[in-house]
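Take a look at the letters that make up each chain.
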Amino acid sequence: MTADNWQECPQCDANRASEEFCKTSDLHEVYGKVSAEEYEAKRQELIEFIREVPEETLREDYQYQLDPCTTTLGVYYKCHCTVCNFGFKVEEKIDYLPLVK
Ligand SMILES: [Zn+2]
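Residues numbered from 1 in each chain as written. Predicted model: local features only at pLDDT ≥ 70, side-chain atom pairs only at ≥ 80, totals over all residues.

S.K.: Just checking my understanding: could you explain the overall build of the protein chain for this structure?
M.R.: Of regular secondary structure, the protein chain possesses two helices and four strands. Order of helices (α) and strands (β) in the protein chain, N terminus to C terminus: β-α-α-β-β-β. Expressed along its principal axes, the backbone C-alpha trace of the protein chain runs to roughly 75 × 25 × 20 Å. Taking the contacts inside the protein chain whose residues are at least 6 apart along the sequence as the reference set, 53% of them involve residues at least 24 apart. (Helix = DSSP H or I, 4+ residues; strand = E, 2+ residues; numbered from the N terminus. Contact = placed C-beta atoms within 7 Å.)

What follows is the structure, encoded as structure tokens:
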């Protein structure tokens, strides 16, 4: 591999959005049913959750290689999340036509 990069994982982002929705629904559910202090504690917990900066758990490896002998461009890309195991791989050779003046 010639390059690697880390970024936020799209599956973890989706999971986090779902978790935020559940936490928000739970907060609305307890409104008026728990003490003001308990409600405020849950509200602060939700605010902290929303403010957390997501970690970059998706590792990307990629490589491009031009082969003039076969007039192909080799493209390789692989990603994998260390938290949720999301990932995929793309490996392809693309024929190209040389531009001739
Ligand atoms: Zn993930």
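S.K.: Can you walk me through the sheet that holds strand E4 (residues 87–95) in this structure?
M.R.: Strand pairing in a sheet takes place through backbone hydrogen bonds and is either antiparallel or parallel in direction. Strand order across the open sheet formed by four strands is E1-E2-E3-E4, with antiparallel pairing between neighbours. For this open sheet the edge positions go to strand E1 (3–7) and E4, each flanked by a neighbour on one side alone. Neighbouring strand axes in the sheet, compared pairwise and without regard to direction, differ in orientation by 15° on average. Examined bridge by bridge, strand E2 (residues 58–67) and strand E3 (residues 72–81) share 10 bridges and lie antiparallel to one another. Across the sheet, Asp-67 pairs through a bridge with Thr-72, a residue of E3. (Pairing = 2+ DSSP bridges. Axes fitted to C-alpha atoms, helices over the stretch in contact; angles between N-to-C directions.)

S.K.: How should I be thinking about the pairing of E2 in this particular structure?
M.R.: Each regular strand carries side chains that alternate between the two faces of the sheet. Here E1 runs beside E2; their pairing, made up of five bridges, is antiparallel. Across the sheet, residue Ala-3 finds its bridge partner in E2, namely Tyr-62. If you look at the hairpin formed by E2 and E3, you'll find four residues sitting between the two strands, and Thr-71 has a positive phi there, around 45°.

S.K.: What exactly am I supposed to notice about the packing of helix H1 (residues 10–30) against helix H2 (residues 36–51) here?
M.R.: The geometry of H1 relative to H2 is characterised by a closest axis approach of 10 Å and an angle of 165° between their N-to-C directions. Taken together, the axis directions place H1 and H2 in an arrangement best described as roughly antiparallel. Every pair of crossing elements has a handedness; the one defined by H1 and H2 is left-handed. Judged by residue contacts, Glu-20, Lys-23, Thr-24, Leu-27 and Val-30 of H1 engage Tyr-39, Lys-42, Arg-43, Leu-46, Phe-49 and Ile-50 from H2. The residue makeup of the contact of H1 with H2, split by class, is six nonpolar, one polar and four charged. (Parallel < 35°, antiparallel > 145°, perpendicular 65-115°, else oblique. Left-handed = near helix turned anticlockwise from the far one by under 90°. Nonpolar A, V, L, I, M, F, W, Y, C, P; charged D, E, K, R; others polar.)

S.K.: Help me understand the pairing of E4, please; the structure alone is not making it clear to me.
M.R.: Here E4 lies mainly on the outside; zero of its nine residues are buried. In this sheet, E4 lies alongside E3 in antiparallel orientation, the contact comprising nine bridges. What sits directly across from Cys-79, in E4, is Phe-88. If you look at the hairpin formed by E3 and E4, you'll find five residues sitting between the two strands, and Asn-85 has a positive phi there, around 70°. (Buried ≥ 20, exposed ≤ 12 C-beta atoms within 10 Å, placed from the backbone.)

S.K.: Help me understand the environment of Pro-10 in this model?
M.R.: Relative to the elements of secondary structure, Pro-10 occurs in helix H1. On the basis of neighbour count, Pro-10 is assigned to the partly exposed category, with 13 C-beta atoms found within 10 Å. When the C-alpha positions of Pro-10 and Cys-81 are compared, they lie 9.3 Å apart, and in sequence the two are 71 residues distant.

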